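Residue-level structure breakdown
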Amino acid sequence: MTDNCRNCANPLELVMADLGMTPVSNELRDPKTALNAGQTFYPLKAMVCENCWLVQLTDVETPEHFTPDYVYFSSYSSSWLKHAKDYAAGMTERLGLNNSSLVVELASNDGYLLQYFKQAGIGVLGIDPTANTAREAKEKHGISTVVDFFGVKLAEKLAAQGVAADLIAANNVLAHVPDPRDFLSGVPHVLKHGGSFTIEFPHLLRMLDGCQFDTIYHEHFSYLSLLAVESMLETVGLEAYGVEELSTHGGSLRVHACHQGAGISDDALAKGLEKVRRDEASAKLDAAETYRGFAAEVEKRKLDLLDFLITARRENKTVAGYGAPAKGSTMLNYCGVGPELLPFTVDLSPVKQGNYLPGVNIPIHHPDRLREAEPDYILILPWNLRDEIAGQMPEVHERGGKFVVAIPRIEIF
């Protein structure tokens with residue numbers, strides 16, 4: 001276990017959240033072994049660096065997350081595809097991208113984003129460590145993908161091959177990187193001097209405001225604020241020139257960065273940058289007491305969810321889950337919710353169907369199971385997609401059923 005910051009190597013002493021021992025959240029269990037085989041649990045503790053204010057997990061020996069059978073495919077969320085399409089259109093217009101431009105995406109997954117640039121005739125290159133998602137990108141969208149982890153070594157190799165990007169996109173990947181300095185240090189090697197680098201990530205400020213503790217899991221090494229990201233960029237020769245606030249993942253930021261001294265300016269983005277700086281300063285993200293109050297709020301959410309589920313059980317009401325996201329695994333394992341309180345959940349992804357959630361051994365079915373079971377309540381585990389999911393099932397309301405979310409607080413609707 002390391003006791004030093006992943007970014008600046010400062011000693012870590014401030015605890016933001018200790019969620020006990022949990023399994024790796026995306027390590028779904030095969031039905032042939034789930035009920036009669038052991039599973040390893042690991043400490044899940046978020047610490048705060050009081051020098052650069054990066055929130056991060058303690059370093060524990062977990063299995064490799066991004067294996068050839070990685071289960072997360074971005075294209076199974078229609079709202080996320082729309083988000084990607086809007087980003088592609090917006091950045092194409094803002095940067096004046098054309099058929100002589102190159103867009104590189106770090107953690108390109110199944111081509112969910114690059115497909116829209118490719119459709120516009122813009123050159124694309126994906127970089128992703130998982131072979132199965134890279135294969136999907138190639139087969140479905142014709143997108144070439146380098147199957148590897150991005151960092152200085154790979155960046156130098158690509159630069160030697162002539163790769164020079166007008167735009168590099170890193171959507172919801174920086175938090176997954178165990179060595180963020182090496183990851184970010186690679187960017188200047190493959191980014192043109194006048195090019196833009198965009199980073200999207202769930203905003204730590206929204207996590208604190210909404211008590212989004214379920215976004216803490218082993219695959220997320222870091223929990224990011226603009227304050228921390230600007231410090232990280234500065235150390236590798238990059239600088240932020242703008243920020244957009246997004247609704248995705250319960251509230252995210254898109255930071256626009258470039259080479260230091262590149263002189264890129266955008267009035268709207270610059271105003272966004274200054275606003276978020278002020279918001280974080282007002283919220284005292286550079287003060288230890290801000291983080292100490294988070295743990296008490298986490299405990300309240302646990303008690304509220306258990307109170308709802310136990311009351312429903314005693315009243316002979318049925319509850320089923322919707323979704324099998326990593327955040328759902330954190331939530332259910334920390335709260336100690338097993339199949340006696342949540343008999344099953346469902347998910348659109350065929351890769352997840354037929355397996356069990358790790359730790360709690362809750363089975364994952366096709367969404368058709370909800371129509372057969374007609375539960376009184378449906379607990380939406382990916383609460384950030386609550387409106388999309390509820391809108392897909394008008395029949396639930398028609399028969400008198402209700403939806404439930406536990407974040408930012410218990411809400412029945």
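About the cut-offs
Within any chain, residue numbers begin from 1 and follow the written order of that chain's sequence. The predicted nature of this model means local features are confined to residues of pLDDT at least 70 and side-chain atom pairs, given and counted, to a pLDDT of 80 or more, with totals for whole chains, interfaces and linings taken over all residues. To obtain the side-chain values, all non-hydrogen atoms of the structure were used and water was disregarded. Pairing between strands is defined by DSSP: at least two bridges between them are needed. The helix and strand labels rest on DSSP assignments: H or I over at least four residues marks a helix, E over at least two residues marks a strand, and numbering proceeds from the N terminus. Here the term buried applies to any residue with accessible area under 20% of the maximum for its type, exposed to any over 50%, and partly exposed to those in between, with areas from a 1.4 Å probe on protein chains only. In what follows, residue pairs with any heavy atoms lying within 4.5 Å of each other are defined as contacts. Pairing of aromatic side chains requires ring centres within 6.5 Å, counting the rings of Phe and Tyr and the six-membered ring of Trp. Pairs whose planes differ by under 30 degrees are stacked, by over 60 edge-to-face, and all others tilted. Think of it as a cone above the ring: NZ of Lys or CZ of Arg counts as a charge over the ring if it is within 6 Å of the ring centre and within 35 degrees of the ring normal. To be clear, the arc concerns the directions from the helix axis to the C-beta atoms. For helices, the axis comes from a line fit to the C-alpha atoms of the stretch in contact; other axes are also lines fit to C-alpha atoms, and the angle between any two N-to-C directions lies between 0 and 180 degrees. Take the buried Ala, Val, Leu, Ile, Met, Phe, Trp, Tyr and Cys residues and link them wherever side-chain atoms come within 4.5 Å; each set so joined is a nonpolar core. A crossover counts as right-handed when, viewed with the strands pointing away from the observer, the path leading from the first strand over the helix to the second turns clockwise. Should an angle fall under 35 degrees it is taken as roughly parallel, and over 145 as roughly antiparallel, whereas 65 to 115 is taken as roughly perpendicular and any remaining angle as oblique. Here the nonpolar group is Ala, Val, Leu, Ile, Met, Phe, Trp, Tyr, Cys and Pro; Asp, Glu, Lys and Arg are the charged ones; every other residue, Gly included, is treated as polar.

1. A closer look at the sheet that holds strand β3 (residues 55–57)
- Pairing within the open sheet is antiparallel, and its four strands lie in the order β1-β2-β3-β9. Across the chains shown, the open sheet's two edge strands, defined by having one partner strand only, are β1 (14–22) and β9 (222–223).
- Examined bridge by bridge, β3 and β9 share two bridges and lie antiparallel to one another. Bridging across to β9, glutamine 56 finds its partner in serine 222.

2. A closer look at the side chain of asparagine 172
- One can find asparagine 172 in the loop between β7 (165–171) and α5 (180–190).
- Of the residues examined, asparagine 172 reaches a relative accessible area of 19% and is grouped as buried.
- Sequence-distant contacts of asparagine 172, that is, excluding residues within four places in its chain, are made with Trp80, Glu200, Phe201, Pro202 and His249.

3. Some details on the packing of aromatic side chains
- Scanning all chains against the criterion turns up seven aromatic pairs.
- Between tryptophan 80 and tyrosine 112, the ring centres sit 6.2 Å apart and the planes meet at 25°, which makes this aromatic pair stacked. Here tryptophan 80, found in helix α1 (residues 78–95), pairs with tyrosine 112, found in the loop between β4 (102–106) and α2 (114–119); they are 32 residues apart in sequence, far enough to count as distant. Across the pair, exposure class does not vary: tryptophan 80 and tyrosine 112 are buried alike.
- The ring centre of tyrosine 334 lies 4.6 Å from the NZ or CZ of lysine 302, which sits over that ring.
- Above the ring of phenylalanine 344, the side-chain terminus of arginine 369 is found at 4.9 Å from the ring centroid.

4. What about helix α7 (residues 226–235)?
- Those residues of α7 not exposed but buried are Leu226, Ala228, Val229, Met232 and Leu233. Each buried residue of α7 lies within a common arc of 160° when the element is viewed along its axis, so the set occupies one face.
- Considering only its buried residues, α7 is in contact with α5, β8 (191–202), β10 (238–246), β11 (252–259) and α8 (267–282).
- In the segment just after α7, glycine 237 is the residue with positive phi, at about 85°.

5. Quick word on the sheet that holds β11
- As summarised here, the arrangement of the seven strands in space is β6-β5-β4-β7-β8-β11-β10, forming an open sheet in which the pairing is mixed. Both edges of this open sheet fall to β6 (145–147) and β10, since each of them pairs with a single strand only. If you compare each strand with its neighbour and ignore which way they point, the axes differ by 20° on average.
- Relative to β8, β7 is paired through six bridges, and the arrangement is parallel. The residue of β8 that forms the bridge with isoleucine 168 is phenylalanine 197.
- Sitting on the sheet, α1 touches β7, β8, β10 and β11, and the angle it makes with β8 is about 155°.

6. A word on the nonpolar core
- Met16, Phe213, Ile216, Tyr291, Phe294, Leu332 and Val337 are the most contacted members of the largest nonpolar core, which has 62 residues in total.
- The element contributing the most residues to this core is helix α10 (residues 294–314), with seven residues.
- Setting aside chain neighbours within four positions, we find methionine 16 in contact with Ala46, Met47, Val48, Val55, Met207, Leu208, Ile216, Tyr291, Phe294 and Ala295.
- One finds Leu54, Ala170, Val190 and Ile199 within the second-largest nonpolar core, a separate group that totals 45 residues.

7. Some points on the pairing of strand β5 (residues 123–128)
- With respect to burial, β5 is a largely interior element, five of its six residues being buried.
- The pairing of β4 with β5 spans five bridges and is parallel. Along β5, the bridge assignment pairs valine 103 with valine 124.
- Regarding topology, α2 serves as the crossover connection from β4 to the parallel β5, and that connection is right-handed.
- Both β5 and β6 contribute to a ladder of three bridges, which runs parallel. From the neighbouring strand, aspartate 128 faces β6, where its bridge partner is valine 147.

8. Notes on the packing of α7 against α8
- Closest axis-to-axis distance for the α7/α8 pair is 9 Å, and the angle between their directions is 120°. With respect to each other, α7 and α8 are oriented oblique. Between α7, through Leu226, Leu227 and Glu230, and α8, the contact on the second element is made entirely by Leu273, Val276, Arg277 and Glu280.
- Per-class residue counts for the contact of α7 with α8 are four nonpolar, no polar and three charged.

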